[in-house]
Amino acid sequence: MNRTLDFQDLRKKAIQALDNRVRIITAGLGLNELRAVMRGDAPTEKPNPRYKVHTTSFLFHIRPRYYEKGSTIFAHTFRLGFFTSFFFFVELLTGLILMIYYTPSPAEAYDSILNLMSNVPFGKMLRDIHRLGAEGMVIFTVLHMLRTFLTGSYKKERSFTWLTGVVLLGVTLLLSFSGYLLPWDQLAYWAVTIGTSMAEAAPLFGNEANLLLRGAPDIGAGGLLRFYLLHVVLLPLAAILVISIHYYKVSREHGISLPASMEEGDVPAEVKKNARQRIDFIPDLFTHEVFLVSLGLFAMVAGVTLLGYSAPLETIANPQVTPLDTKAPWYFWWLQGMLKLGDKSLMGIILPTILVLLLVGVPYIDRNPYRSLYKRPFAVGIGILSVLVLVVLSYMGLPQYGIQTPAATRIIQDLVPEEGVGPLRGVPYEQLSAGIYEVGESVPRDLCPSLDFGCPDLTAVFREFSERVNFAATQEDLQPFERLPDAQAVMVIEDWQTDLKKITLRINWNDVITGDAKSYEKHIFLHRERVHE
Amino acid sequence: MNRIQIEISLGVIFILLTGGIILWYGINEEDRMAEFTRGQAASAIEVGAALYETNCKDCHGPQGEGVPGLCPPLNDKYFFTERVDEVGWSGTIEDYIVATVSSGRLTSTRPDRYAGQGRPAMPPWAESYGGPLREDQIRNIAAFIMNWQATAPDRSQEPVMAGPPVGTDITVELPEGNPALGEGLATTKGCAGCHISQAIGPGWAASGSVPGVGARAETRYSAADYTGQATSAQQYLLESIVNPNAYVVEGYAANLMPQNYGETLTAQEAADLIAYMLSLK
Ligand code: HEM
């Protein structure tokens, strides 16, 4: 009898001690309460211990205690802001690990990326995720901005939130852009060379701005180090600071706005009341967030494995060789498009500055008190128009648009681009049967009848070559630079070394205007074991 | 189930799936890294081949065969097996290539056979020695040169010929030629480097208004400005190979084409080459 009593006593004491420990760690939730949270049951004590966490824990203190029910509707926010922050944390984490393997100097940067991919287990996956996260963050930031614009959530007391948002948009784009240079490949080098050359066009202090960014007239060791430090120190610090401010405004001050349809006009009191019901952070919002994080992680990991997203890596940066098609990262194509329309300092500096000012000014320019889409046709119209203009400008920013590359160069460059794979490099090595293949009026059904299975891929590439040359040779209503009168074209494949072929593409033609004989040719080498992504 | 329970269950499933994918990825990681490493070696060779072509070909030959009197071959057995011992180099042959190419060579070690440009015999190539190439580019060229090792011909003996040389008499009776074999010879004998993939000599393939070499040969020997002895297309082509200066094609300098094919080609090889050229109209 005594013994059992003692035992029960001990058990009680132990549970109590455990409960105390747990309360200290969870900043206020006891064992029973934790269990209730996991089950989604009502609080077990009074006053609600779940609110206490928000005052005693630092991490929870910056989270909201509750959101109003109406504002948590999925189709109101699409969780875009949430996922933007999710991507940011993914970037922080993967970035910190990548830093271990990266050396910011022109002599070693590219090699350190190669080493990461060839020698570090999961190195390629990390790099792919970091790249995917960066692009995701840009996409989601822009969509999030669009959403807050369309729901009119930038009005009145939320205008400062919008302002910090605009700063975050800038920080996000700069983070992406500064990271772009770090692999030190041709893609990076030339995109950033073009990007920074815009600074040069700034009135008054253009030269100084350019020098400050690049560290020298051209990007070199100095420029790379500067971009590295921007990317890993200054910009992340700025992002953490401003995201905190932005988020604090939302979580602790104004909450997320309610959908206009539950707030504006004559909404039945019943609906209003329902919309204002509190949804507590613990457990509802918190489990929802954990769920979204696991979804996000799954999507990213599946993206870089099952769906095959992979961060590009071109040949090592070469300041002496300007690629034929230089291309900014896609989120700056609109700027490249604008640059084609006019003067560099007008289109590259002055107009973008005005655009930023307009964006900052949105809450102050738009004095319309309503938030519903239907009551602000003008603002919504402008929003849609801006998106369309951005898309069109981006299209115009593509290297293929508005740049007159001579036909012969264009055709050969399309078949064997300087960077990336292109159709010819994609042909399986076994099909590259040595020979001289002349472009004639008709294309043979199979170029290499002597091979067991023929060479369908090589034949397809040769057909494309022939068709484009014949088109340029025979169509007389094309522009002069697109024409190749009397064209003769040939593709030569030679066995060059063990497992190495040399391929020559050549086009001869007579100049449209002068009638002089012209020729353009390109040689490439292909090795059997080359991996083309 | 309420919403919280659904979300917890789905979340657990997602985490498990993610873990599964990572596990599966990890199992294949060794292979992927090995494949990437091989791919890197392959692309080094591709890049090296292109750099060799722009920088080294004129001296060391398009296929590294060297040019007698000017530059040593880089593709023969002697170079890969004995050269480092001969010069007393203690490292590997690949290091020897990188070091030699980086710093160039002030005076030739074999001035009687390979004098190069004189002084320096070979200019330095690395940026750190005042040359045009980066270190990684030189390593790529070395990778390309090393890729000759597997097929390096042994030139310590006189090349074994399958028969007596054709000589320089263009009236000899040639055996029946096989154009398919001729196409292969065009590469192995070095003709392609000047006539097909590059335009150092007149192109063989038809181009623009100029017909192919086969068609040109048919009319050339009867043209007014023709200075050689040929009386048929076959003879003209044979003459162009074994005695190139008998008639020098307009627009090209004499002596560009090697003068000794009469001694290095057999009658059969010459016939195959001619049959191949005649097929290019
Ligand atoms: C790094 C980039 C950004 C992050 C991490 C971020 C994060 C967030 C989060 C988590 C919310 C809560 C609501 C939601 O999830 O949608 C929010 C709300 C908000 N954000 Fe952002 N945001 C970013 C950029 C921007 C930008 C570019 C703008 C606009 C220029 C913006 C304007 C707003 C506004 C106005 C709200 C209040 C919305 C409401 O109350 O309905 N944010 N932000």
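If you're wondering where the values come from, they're calculated on a predicted model, not measured in any experiment.

Draft legend 1. Spatial organisation of the environment of I129 of chain A. All names here are of chain A. By secondary structure assignment, the location of I129 is in helix α8 (residues 123–150). You can call I129 buried: its relative accessible area is 12%. C-alpha separation for the pair I129 and E467, spaced 338 residues apart in sequence, amounts to 40 Å. Not counting chain neighbours up to four residues away, the residues in contact with I129 comprise V90, E91, T94, M300, V301 and V304.

Draft legend 2. Inspection of the interface of chain B and chain A at higher detail. Taken together, the 55 residues of chain B in the interface contact 55 residues of chain A. Looking only at chain B, the three residues that lose the most surface to chain A are Y25, F36 and E46 of chain B, adding up to 12% of its buried area. If you look at where chain B meets chain A, you find 3 salt bridges. One salt bridge in this structure joins D284 of chain A and R3 of chain B, with 3.6 Å as the shortest N-O distance. Run the count over chain B and chain A and you get 10 residue pairs in polar contact (both at pLDDT 80 or more). Looking at the side of chain B that touches chain A, its residues break down into 25 nonpolar, 18 polar and 12 charged.

Draft legend 3. Quick look at the coordination of the iron atom of the ligand. All names here are of chain A. For the iron atom of the ligand, the protein coordination sphere consists of H144 (NE2) and H246 (NE2), at 2.0 to 2.1 Å. Around the iron atom of the ligand, the 6 donor atoms are arranged such that angles at the metal cover 84 to 178 degrees; this shape is classified as octahedral. With H144 in helix α8 and H246 in helix α12 (residues 221–254), this pair connects stretches of sequence that are 102 residues apart. This pair shows no difference in class: H144 is buried, exactly as H246 is.

Draft legend 4. Inspection of the packing of helix α1 (residues 3–27) of chain B against helix α2 (residues 29–55) of chain B at higher detail. All names here are of chain B. Close contact between α1 and α2 brings their axes to 4 Å; oriented N to C, the two are set at 50 degrees. Judged on the interaxial angle alone, α2 and α1 are oblique. Contacts between α1 and α2 involve Y25, G26 and I27 on the former and, on the latter, E29, E30 and R32. Considered class by class, the residues forming the contact of α1 with α2 number 2 nonpolar, 1 polar and 3 charged.

Draft legend 5. Spatial organisation of the state of the cysteines. All names here are of chain A. Counted under the stated rule, the structure contains 1 disulfide over all chains. Here C448 is linked by a disulfide to C455, with a sulfur-sulfur distance of 1.8 Å. In this structure, the disulfide formed by C448 and C455 twists by about 130 degrees around the S-S bond and is classed as right-handed. Among the residues examined, C455 registers a relative accessible area of 0% and is labelled buried.

Draft legend 6. Spotlight on the pattern of salt bridges. Residue and element names in this part refer to chain A. Within this structure, the stated rule accounts for 27 salt bridges over all chains. For the salt bridge of E253 with K249, the shortest nitrogen-to-oxygen distance reads 2.5 Å. Of this pair, E253 and K249 both sit in helix α12, 4 residues apart, which is roughly one turn of the helix. A relative accessible area of 47% means that E253 is categorised as partly exposed. R371 serves as the salt-bridge partner of E263, at 3.0 Å between the closest nitrogen and oxygen. Residue E263 is located in the loop between α12 and α13 (269–275), and its partner R371 is located in the loop between α16 (344–365) and α17 (377–397); the two are separated by 108 residues in the primary sequence.

Draft legend 7. Representation of the domain arrangement of chain B. The domains assigned to chain B are domain 1 (57–151) and domain 2 (179–278). Averaged C-alpha coordinates put domain 1 of chain B and domain 2 of chain B at centres separated by 31 Å.

Draft legend 8. View of the sheet that holds strand β3 (residues 435–438) of chain A. Residue and element names in this part refer to chain A. Read from one edge to the other, the open sheet built from 4 strands follows the order β3-β4-β5-β6, with strand pairing classed as antiparallel. Each having just a single partner strand, β3 and β6 (517–527) make up the two edges of the open sheet. Taking the axes of each pair of neighbouring strands and ignoring which way they run, one obtains an average angle of 15 degrees across the sheet. Bridge count between β3 and strand β4 (residues 488–497): 4 bridges; the pairing is antiparallel. Residue pairing for β4: Y437 is matched across the bridge by M491. Packing of helix α20 (residues 456–474) onto the sheet brings it into contact with β3, β4 and β5 (500–510), and relative to β4 it is tilted by some 150 degrees.

Draft legend 9. View of unusual backbone geometry. Residue and element names in this part refer to chain A. The linkage connecting K46 with the following residue, P47, adopts the cis geometry, with an omega of -5 degrees. Along the chain, P47 turns up in the loop between α2 (31–39) and α3 (49–56). In the segment running from I282 into P283, the intervening peptide bond is cis, with an omega of 5 degrees. Examined against the element boundaries, P283 turns out to sit in helix α14 (residues 281–304). If you check the backbone angles, F122 has positive phi at about 65 degrees while not being a glycine. By the element assignment, F122 lies in the loop between α7 (109–119) and α8.

Draft legend 10. Representation of the pairing of β4 of chain A within the structure. Buried residues dominate β4 of chain A, accounting for 8 of its 10 residues. Between the end of β4 of chain A and the start of β5 of chain A, which pair antiparallel, lie 2 residues, with D499 of chain A showing a positive phi angle near 60 degrees.

Draft legend 11. A look at a negative patch on the surface. A cluster of acidic residues, E529 of chain A together with E30, D31 and E35 of chain B, forms a negative patch at the surface. One can find D31 of chain B in helix α2.

Draft legend 12. Representation of the site of the ligand. Residue and element names in this part refer to chain A. Taken together, 25 residues are adjacent to the ligand, and H144, R147, G165, H246 and S257 come closest. Contact distances for the ligand include 2.7 Å between a nitrogen atom and a side-chain N or O atom of H144. Counting only elements with at least two residues in the shell around the ligand, the list comes to α6 (80–101), α8, α9 (159–181) and α12. Top element by residues in the shell around the ligand is α9. It accounts for 7 residues. Residue composition of the shell around the ligand, grouped by class: 9 nonpolar, 14 polar and 2 charged.

Draft legend 13. A nonpolar patch on the surface, seen in detail. Residues and elements named next belong to chain A. A surface patch of nonpolar side chains, about 790 Å² in accessible area, is lined by I139, L143, L146, L150, W330, L373, Y374, V387 and V391. Of all the secondary structure elements, the ones that give two or more residues to the nonpolar patch are α8 and α17. Ranked by residues supplied to the nonpolar patch, first place goes to α8 with 4 residues. Judged by its relative accessible area of 52%, V391 falls in the exposed class.

Draft legend 14. View of the environment of T100 of chain B. Residues and elements named next belong to chain B. Residue position: T100 is located in helix α6 (residues 93–103). Owing to a relative accessible area of 13%, T100 belongs among the buried residues under this scheme. Separated by 102 residues in the primary sequence, T100 and P202 have C-alpha atoms spaced 35 Å apart. Ignoring any residue separated from it by four or fewer positions in sequence, one finds T100 in contact with R105 and M122.

Rules used in this analysis
- Residues numbered from 1 in each chain as written.
- Chains lettered and ligands numbered in written order.
- Predicted model: local features only at pLDDT ≥ 70, side-chain atom pairs only at ≥ 80, totals over all residues.
- Heavy atoms only, no water.
- Helix = DSSP H or I, 4+ residues; strand = E, 2+ residues; numbered from the N terminus.
- Buried < 20%, exposed > 50% of the residue type's maximum accessible area, 1.4 Å probe, protein only.
- Contact = heavy atoms within 4.5 Å.
- Buried area = accessible area lost by both parts, 1.4 Å probe.
- Salt bridge = Lys/Arg side-chain N within 4 Å of Asp/Glu carboxyl O.
- Polar contact = N/O pair within 3.5 Å; in protein donor to acceptor, adjacent residues only side chain to side chain.
- Nonpolar A, V, L, I, M, F, W, Y, C, P; charged D, E, K, R; others polar.
- Donors = N, O, S within 2.8 Å, 3.2 Å for Na, K, Ca; no water.
- Tetrahedral: all angles 85-135°; square planar, octahedral: opposite > 155°, others 65-115°.
- Axes fitted to C-alpha atoms, helices over the stretch in contact; angles between N-to-C directions.
- Parallel < 35°, antiparallel > 145°, perpendicular 65-115°, else oblique.
- Disulfide = S-S within 2.5 Å.
- Domains from an automatic or database assignment.
- Pairing = 2+ DSSP bridges.
- Patch = residues over 30% accessible without salt bridge, like charges linked within 9 Å, V, L, I, M, F, W, Y side chains within 5 Å.
- Areas by Shrake-Rupley, 256 points an atom, 1.4 Å probe, with all protein chains shown as cover.
- Lys, Arg positive; Asp, Glu negative; His and termini not counted.
- Charge placed at Lys NZ, Arg CZ, Asp CG, Glu CD.
- Near = heavy atom within 4 Å.

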